[in-house]
Amino acid sequence: MKASDYLKEAAECDGQEDLHDLEKSKKNISSIQNRIDKLENVEPPKQIDKDAQIIPDTLYLYGTDYMSTKEIYEYLYSFPDANVKWINDSSCTVKLSSEEKANRLYEAYTVDK
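Residues numbered from 1 in each chain as written. Predicted model: local features only at pLDDT ≥ 70, side-chain atom pairs only at ≥ 80, totals over all residues. Heavy atoms only, no water.

## Looking at the nonpolar core
Heads up, the condition is: Here the nonpolar core consists of buried residues drawn from Ala, Val, Leu, Ile, Met, Phe, Trp, Tyr and Cys, with membership extended through side-chain atoms lying within 4.5 Å. For every residue, the accessible area (1.4 Å probe, protein chains only) is compared with the maximum for its type, and the residue is labelled buried under 20%, exposed over 50%, or partly exposed between those bounds. Each helix is a run of DSSP H or I of at least 4 residues and each strand a run of E of at least 2, with the numbering of both proceeding from the N terminus. Two residues qualify as a contact provided that any one of their heavy atoms is within 4.5 Å of a heavy atom in the partner residue.
Of all hydrophobic cores here, the largest spans 16 residues; its most connected members are I72, Y75, L76, V94, L96, L105 and Y109. Residue assignment for this core shows that the elements contributing at least two residues are helix 2 (19–37), helix 3 (69–75), strand 3 (91–95) and helix 4 (99–109). The element that contributes the greatest number of residues to this core is helix 4, accounting for three residues. Here L76 is in contact with A82, V94, L105 and Y109, once residues within four sequence places are set aside.

## Quick look at helix 4
Inclusion rule: To obtain the arc, one takes the directions from the helix axis to the C-beta atoms.
Within helix 4 the residues assigned to the buried category are A102, L105, A108 and Y109. The buried residues of helix 4 occupy an angular sector of 130° when the element is viewed end-on, so they sit on one face. Facing away from the buried surface of helix 4 by more than 90 degrees, the exposed residues are E100 and E107.

## A look at the packing of aromatic side chains
The condition that has to hold: Whether two aromatic rings pair depends on their centres lying within 6.5 Å, for rings of Phe, Tyr and Trp, where Trp uses its six-membered ring; planes under 30 degrees apart make the pair stacked, over 60 edge-to-face, and the rest tilted.
Taken as a whole and judged by the stated rule, the model has two aromatic pairs. Ring centres of Y75 and Y109 lie 4.9 Å apart, and the angle between their planes is 35°; on these two criteria the pair is classed as tilted. Linking Y75 in helix 3 with Y109 in helix 4, this pair joins segments that are 34 residues apart in sequence.

And the structure:
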């Protein structure tokens, strides 16, 4: 399944996205994916401490080296309540308003290889 398929599925679940917004999101994803395909990550992933607290409404993103905060928000367009917090140039966290929304975001953008 392509990233755009996940976006469409997430938009249908949210019920707030119209066709124009969906097309805008697809273009943003395509542009970002093309850039990602050509680049390598700069910093290794942050190690997760064995005593780290799991925050159910927050996701950890790695591989964001060449993305701006604006591009992250554009990528997560169907989740307008997302709040991005940078850890370093290669990773950030995305906090949502609920664990349910974080799970939907995870399912919408996770691609099995």
